[in-house]
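# Examining the three-dimensional arrangement
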Amino acid sequence: MSGPGPGFVVLYRWRLHPGREEAFIEAWSRITAHYREKGSFGSRLHRGSDGLFYGYAHWPSDAARQKAFAEAEDPADAEQMRSAVAERFPEIRLESVADYLVLPGAGSRE
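Residues numbered from 1 in each chain as written. Predicted model: local features only at pLDDT ≥ 70, side-chain atom pairs only at ≥ 80, totals over all residues. Heavy atoms only, no water.

The name given to the protein chain in an unreviewed UniProt entry is Antibiotic biosynthesis monooxygenase, with Polyangium jinanense as the source organism.

So, in structure tokens, the structure goes:
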């Protein structure tokens, strides 16, 4: 069993322009690498059955996120990502209240 997880999560949602998915994924991946160097715990990107793309970014704290965002990602990557987006939905901040996620190869948490 485990209690609340570390940090907090921000959920992002986008509807992409058809045919721009790979460009979006490439830019998202580079931007994620940038923010990992700035203190993020990383992120995951998912394609939903509803056709939306969902990004899940994990941060140690909101302060760490704000500090990292002060050192913006590469403008070309940001533009590549933006140009692939047909519709962006408001971000959702999530607070962990119970954490049972086990990453492959990480073993179990007891």
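### Re the side chain of Arg 65
Among the structural elements, Arg 65 can be located in helix 2 (residues 62–69). In this structure Arg 65 comes out as buried when scored by relative accessible area, which is 3%. (Helix = DSSP H or I, 4+ residues; strand = E, 2+ residues; numbered from the N terminus. Buried < 20%, exposed > 50% of the residue type's maximum accessible area, 1.4 Å probe, protein only.)

### Considerations on helix 1 (residues 21–37)
Over its 17 residues, helix 1 runs 25 Å from end to end, which matches the ideal 24 Å to within 8%, given 1.5 Å per residue. Restricting attention to buried positions, one finds in helix 1 the residues Ala 23, Phe 24, Ala 27, Trp 28, Ile 31, Thr 32, His 34 and Tyr 35. Down the axis of helix 1, the sector holding all buried residues measures 160 degrees, keeping them to one side. For helix 1, the exposed residues set more than 90 degrees away from the buried face come down to Glu 22, Arg 36 and Glu 37. One or two residues past the end of helix 1 sits Gly 39, with phi positive at roughly 120 degrees. (Expected span 1.5 Å × (residues − 1). Arc of directions from axis to C-beta.)

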